[in-house]
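Commentary on secondary and tertiary structure
In case you want the letters, here they are:
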Amino acid sequence: MKALDELTFDNRFARLGDAFSTHVLPEPVADPRLVVASPAAMALLDLDPAIAETPVFAELFSGHKLWAEAEPRAMVYSGHQFGSYNPQLGDGRGLLLGEVYNEAGEHWDLHLKGAGQTPYSRMGDGRAVLRSSIREFLASEALQALGIPTTRALCVIGSSTPVWREKQERAAMLLRLSPSHVRFGHFEYFYYTKRPEQQKQLGEHVLAMHFPECLEQPEPYLAMFREIVERNAELIAKWQAYGFCHGVMNTDNMSILGITFDFGPFAFLDDFDAQFICNHSDDQGRYSFSNQVPIGQWNLSALAQALTPFISVEALRETLGLYLPLYQAHYLDLMRRRLGFTTAQDDDQKLVEGLLQLMQNSGVDYSLFFRRLGNESAELAVARLRDDFVDLKGFDAWSERYTARVAREGCDNQEQRQSRMHAVNPLYILRNYLAQKAIDAAESGDYQEVRRLQAVLSNPFEEQPGMESYAERPPEWGKHLEISCSS
């Protein structure tokens with residue numbers, strides 16, 4: 001394991017120059033203190049988890065100290081926000097401190113959110129508040145534990161620095177890790193500002209650093225775009241299968257690597273609702289749960305437009321056509337596994353759709369239904385779950401089809417069935433009310449709950465003695481928390 005002063009930097013993005021980012025030093029916050037750290041994320045940098053409790057750790061990730069090899073940069077990009085193009089965005093409250101590579105040869109961006117004002121802050125103060133930092137930290141590590149591609153979160157550092165949102169709050173900084181922070185909006189920025197040389201430089205950088213296998217193809221940019229389409233189809237299939245709502249799928253929040261990026265007013269479904277809107281600011285429901293699939297395609301189309309200098313329109317259109325079939329294949333595969341199936345049969349899609357409609361009409365808890373479906377044999381499980389549904393006749397008809405489908409799978413004892421289903425159906429998920437309880441405690445100076453919640457969510461599929469309260473249905477107040485973009 002390494003000490004903090006032993007990290008090895010290789011700042012590849014910074015070397016692209018001032019057209020791509022601006023040198024900015026972080027603005028320190030007062031009285032820095034560790035709120036929470038992720039041992040799993042620290043391991044990505046070969047760091048000893050015990051280092052998190054040392055004073056220098058809080059000083060480094062609160063802007064008070066900086067590695068000599070670090071080159072903090074605020075990145076410039078643009079993007080489509082709620083469908084409208086914004087010509088210049090950029091890191092308004094975050095800094096790419098540098099790129100570190102570990103002993104396995106992996107490169108990780110160190111990105112400090114809440115680091116103060118930059119040339120791209122517009123009217124903002126460049127700060128992040130404690131609640132939003134905790135929410136992103138928990139979401140990043142929870143998604144990772146579920147097997148959903150995501151940025152990672154190393155730590156949250158709290159402070160006594162006051163900031164104003166709807167009320168006075170305290171500033172915090174979050175250290176985010178990712179192999180890259182390049183977004184769809186990076187390509188859009190250089191395309192719409194008509195800077196072909198920089199756009200080509202960006203494209204060559206992304207190809208060489210993140211898609212080197214595409215360089216061996218006859219058309220490297222087309223091969224890269226196809227890979228991005230495939231990754232996003234799989235990513236959004238996992239969001240939908242596990243009931244994750246991003247909330248702000250602007251193109252500047254879409255990673256070029258196809259990973260979950262820039263957490264704002266996210267939520268996991270409690271009661272199943274295909275029309276659920278997790279962002280209080282999303283008046284039109286553009287980013288509702290069911291809209292995430294078509295919006296994923298819309299965003300890929302926006303990226304395709306920015307790549308027209310490198311790829312023919314016909315080839316882009318043909319590649320975009322892969323998105324929905326790939327999404328549907330990934331999604332159906334995940335849902336089969338969640339239902340306990342090991343084979344594919346023709347009526348599976350109708351079986352899934354029929355279940356979701358019944359859940360929608362009855363307000364059934366999305367995650368707990370699948371978990372409990374695997375607790376017993378199919379016949380016993382559906383009999384026990386029956387009382388959760390309003391349309392008993394409809395559920396009985398579905399149950400009959402489901403148990404017949406399970407029977408067609410062939411020999412499978414209940415122990416095997418439960419083990420297989422519990423391995424893909426989490427017992428613990430990051431419900432909004434659980435995050436809010438941890439935030440309330442942290443805002444009063446007690447960080448034990450956020451640390452306990454993070455530990456529970458790091459192992460979501462296995463029952464943890466003494467943690468039964470984290471696996472319960474939320475109270476009624478917990479289902480109606482309003483989360484906005486204000487952070």
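Everything quoted here is computed from the prediction, not taken from an experiment.

**Topic: the nonpolar core**
- Residues Phe 57, Phe 61, Phe 369 and Tyr 402 are the most contacted members of the largest nonpolar core, which totals 161 residues.
- A total of 14 residues in this core trace back to one element, the largest contributor, which is helix α6 (residues 220–242).
- If we skip the residues at most four places from it in the chain, Phe 57 touches Leu 4, Leu 34, Met 42, Ile 51, Ala 52, Leu 154, Cys 155 and Ile 157.

**Description of the packing of α6 against helix α8 (residues 313–320)**
- Orientation of α6 relative to α8, taken along the N-to-C sense of each, is 25 degrees, at an axis distance of 10 Å. By the criterion of interaxial angle, the relationship of α6 to α8 is roughly parallel. The two elements α6 and α8 cross, and the hand of that crossing is right-handed. Contacts between α6 and α8 involve Leu 222, Phe 225, Arg 226 and Val 229 on the former and, on the latter, Ala 315, Leu 316, Thr 319 and Leu 320.

**Examining the side chain of Thr 161**
- Mapping Thr 161 onto the fold places it in strand β10 (residues 152–164).
- By relative accessible area, which is 17% here, Thr 161 ends up buried.
- Within the structure, Thr 161 has its side chain in polar contact with the backbone nitrogen of Ala 30 (distance 2.8 Å).
- Discounting residues that sit within four places of it in the chain, Thr 161 has contacts with Val 29, Ala 30, Glu 169, Arg 170 and Ala 171.

**Topic: the pairing of strand β7 (residues 94–101)**
- Taken across its eight residues, β7 has seven buried, putting it largely inside the fold.
- Looking at chain direction, strand β1 (residues 8–9) and β7 are connected through two bridges and run antiparallel. Within the sheet, the bridge partner assigned to Thr 8 lies in β7 and is Tyr 101.
- The pairing of β7 with strand β8 (residues 107–113) spans seven bridges and is classified as antiparallel. By the bridge assignment for β8, Leu 95 is matched with Leu 112.
- In this antiparallel pair of consecutive strands, β7 and β8, the connection spans five residues, and Gly 105 shows a positive phi of 85 degrees.

**Here we look at the UniProt feature "binding site: Mg(2+)" (unreviewed entry) in the protein chain**
- Feature annotation in UniProt assigns "binding site: Mg(2+)" (unreviewed entry) to the following positions: Asn 253 and Asp 262.
- With respect to the helices, strands and loops of the structure, Asn 253 is situated in the loop between β12 (244–245) and β13 (267–268).
- Residue Asn 253 is classed as buried on the basis of its relative accessible area of 10%.
- If sequence neighbours within four positions are ignored, Asn 253 has contacts with Arg 183, His 246, Val 248, Phe 261 and Asp 262.
- Within the structure, Asn 253 has its side chain in polar contact with the backbone oxygen of Val 248 (distance 2.9 Å).
- When you line up the elements, Asp 262 lands in the loop between β12 and β13.
- Other than its neighbours up to four places away in sequence, Asp 262 contacts Lys 113, Arg 176, Arg 183, His 246, Asp 252 and Asn 253.
- A polar contact of 2.6 Å, which involves the side chain of Asp 262, links it to the side chain of Arg 176.

**Quick look at the UniProt feature "active site" (unreviewed entry) in the protein chain**
- UniProt's feature table lists "active site" (unreviewed entry) at Asp 252, given in the numbering used throughout.
- Residue position: Asp 252 is located in the loop between β12 and β13.
- Discounting chain neighbours no more than four positions away, the residues touching Asp 252 are Tyr 77, Ser 78, Gly 79, His 80, Gln 81, Leu 89, Arg 183, Gly 185, Phe 261 and Asp 262.

**Section: the pattern of salt bridges**
- If you walk through the whole model with that rule in mind, you get 33 salt bridges.
- Put simply, Arg 183 and Asp 262 hold a salt bridge, and the shortest N to O gap is 2.6 Å. Here the residue Arg 183 occupies a position in the loop between β11 (168–178) and α4 (184–192), and Asp 262 occupies one in the loop between β12 and β13, the gap between them amounting to 79 residues.
- Judged by relative accessible area, which is 2%, Arg 183 ranks as buried.

**Things to note about helix α11 (residues 366–373)**
- Of all the eight residues making up α11, seven are buried; the element is thus mostly covered by neighbouring parts of the structure.
- All of the buried residues along α11 are Tyr 366, Ser 367, Leu 368, Phe 369, Phe 370, Arg 371 and Leu 373.
- Among the structural elements, α6, α9 (323–338), α10 (348–362), α12 (378–385), α13 (392–408) and α14 (414–422) are those in contact with the buried residues of α11.
- The residue sitting at the N-terminus of α11 and contributing the capping side-chain oxygen is Asp 365; that oxygen lies 3.4 Å from the backbone nitrogen of Ser 367.

Criteria and cut-off values
Residues numbered from 1 in each chain as written. Predicted model: local features only at pLDDT ≥ 70, side-chain atom pairs only at ≥ 80, totals over all residues. Heavy atoms only, no water. Core = buried A, V, L, I, M, F, W, Y, C linked by side-chain atoms within 4.5 Å. Buried < 20%, exposed > 50% of the residue type's maximum accessible area, 1.4 Å probe, protein only. Helix = DSSP H or I, 4+ residues; strand = E, 2+ residues; numbered from the N terminus. Contact = heavy atoms within 4.5 Å. Axes fitted to C-alpha atoms, helices over the stretch in contact; angles between N-to-C directions. Parallel < 35°, antiparallel > 145°, perpendicular 65-115°, else oblique. Left-handed = near helix turned anticlockwise from the far one by under 90°. Polar contact = N/O pair within 3.5 Å; in protein donor to acceptor, adjacent residues only side chain to side chain. Pairing = 2+ DSSP bridges. UniProt positions renumbered as here; feature names shortened; annotations may be inferred. Salt bridge = Lys/Arg side-chain N within 4 Å of Asp/Glu carboxyl O.

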